[in-house]
Amino acid sequence: GAGVSQSPSNKVTEKGKDVELRCDPISGHTALYWYRQSLGQGLEFLIYFQGNSAPDKSGLPSDRFSAERTGGSVSTLTIQRTQQEDSAVYLCASSLHRGTGVRETQYFGPGTRLLVL
Amino acid sequence: KQEVTQIPAALSVPEGENLVLNCSFTDSAIYNLQWFRQDPGKGLTSLLLIQSSQREQTSGRLNASLDKSSGRSTLYIAASQPGDSATYLCAVFQGAQKLVFGQGTRLTINP
């Protein structure tokens, strides 16, 4: 079956512009995560969605970052007024969610490479 | 705050050798530990997931162990092949629904 897909695969933008990154999770996966991978920082958690629950936004680095998940499927990560330090690979992952106390394997998309000039 | 460390940062070995990658974490209160590989310019591929109640998991030539009390995991790769060249990442699931990653070990298998 299809894996996690992300678009665009690459994005170059100018400082100060807004960008939107899209993630299509694996069908049937109710949990969706966004991570950021930047040089020198490794992979860091940004935000987590589970079903209709309020998202865990604890990893978002500033209020310029926001994300939504419509209809429990596709998610969009928005970065407003981009800065050069936002340049990174943004990875999306999805997983099943069988209940509290169980942590399922996360499946990752190929990522979106964002370059802010 | 959970910290995950991977040693070595880079490793280069001849084809055919068995090798071990190391991962340590500071807080043993984890749900599970997951090993991934990442190829250049690509996303992450899940290799093995070890639940906190388990000691090891095996998949083909890969074997991962977990010692929660000492905060350590190892990934053993048997009979290495050039196609195993990639960056290997370990990550722990702790508390909230998120993974905390190590910095990775960049592995090169020389033909």
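Residues numbered from 1 in each chain as written. Chains lettered and ligands numbered in written order. Predicted model: local features only at pLDDT ≥ 70, side-chain atom pairs only at ≥ 80, totals over all residues. Heavy atoms only, no water.

1. Regarding the sheet that holds strand S6 (residues 65-69) of chain A
All names here are of chain A. Pairing is antiparallel in the open sheet, where four strands are placed in the order S1-S3-S7-S6. At either end of the open sheet lies a strand with only one pairing partner, and these are strand S1 (5-7) and S6. Averaged over all neighbouring strand pairs, the angle between strand axes comes to 15 degrees, with direction disregarded. In this structure, strand S3 (residues 19-24) lies alongside strand S7 (residues 75-79), joined through five bridges in antiparallel fashion. (Pairing = 2+ DSSP bridges. Helix = DSSP H or I, 4+ residues; strand = E, 2+ residues; numbered from the N terminus. Axes fitted to C-alpha atoms, helices over the stretch in contact; angles between N-to-C directions.)

2. Observations concerning the pattern of salt bridges
All names here are of chain A. Inspection of every chain in the model, using the stated rule, returns six salt bridges over all chains. Notably, a salt bridge pairs Arg 22 with Asp 24, separated by 3.1 Å at the nearest N-O pair. Among the salt bridges present, the one from Asp 86 reaches Arg 64, with a minimum N-O distance of 2.8 Å. With Asp 86 in the loop between S7 and strand S8 (88-95) and Arg 64 in the loop between strand S5 (42-50) and S6, this pair connects stretches of sequence that are 22 residues apart. (Salt bridge = Lys/Arg side-chain N within 4 Å of Asp/Glu carboxyl O.)

3. Quick word on the interface of chain A and chain B
The partner chain B presents 21 residues to the 22 residues of chain A that form the contact. There are zero salt bridges connecting chain A and chain B. One can count two residue pairs in polar contact (both at pLDDT 80 or more) joining chain A with chain B. Where the side of chain A that touches chain B is concerned, the elements lending two or more residues are strand S4 (31-38) and S5 of chain A. Among the elements that make up the side of chain A that touches chain B, the one with the highest residue count is S5(A) (four residues). Tallied by class, residues from the side of chain A that touches chain B come to nine nonpolar, nine polar and four charged. (Contact = heavy atoms within 4.5 Å. Polar contact = N/O pair within 3.5 Å; in protein donor to acceptor, adjacent residues only side chain to side chain. Nonpolar A, V, L, I, M, F, W, Y, C, P; charged D, E, K, R; others polar.)

4. Remarks on the layout of surface pockets
Computed from the structure, the largest pocket encloses a volume of approximately 600 Å³. Forming the walls of the largest pocket are 27 residues, and the residues nearest its centre are A:Gln37, A:Leu39, B:Gln38, B:Thr87 and B:Gln103. Among the elements of the structure, S4, S5 and S8 of chain A together with strand S9 (86-93) and strand S11 (105-110) of chain B are those that each provide at least two residues to the lining of the largest pocket. A class-by-class count of the residues in the lining of the largest pocket yields nine nonpolar, 14 polar and four charged. Here the second largest pocket is characterised by a volume of approximately 410 Å³. A:Leu43, A:Glu44, B:Lys1, B:Gln2 and B:Val100 are the residues nearest the centre of the second largest pocket, which is lined by 18 residues in total. At the level of secondary structure, the elements contributing two or more residues to the lining of the second largest pocket comprise S5 of chain A together with strand S10 (99-101) of chain B. At four residues, the largest contribution of residues to the lining of the second largest pocket is made by S5(A). Its residues placed into classes, the lining of the second largest pocket shows six nonpolar, eight polar and four charged. (1 Å grid on protein atoms, 1.4 Å probe; cavity = no way out; pocket = protein on both sides within 12 Å on 5 of 7 lines; lining within 4 Å. Points joined across faces, edges and corners; volume = space filled by probe spheres on them.)

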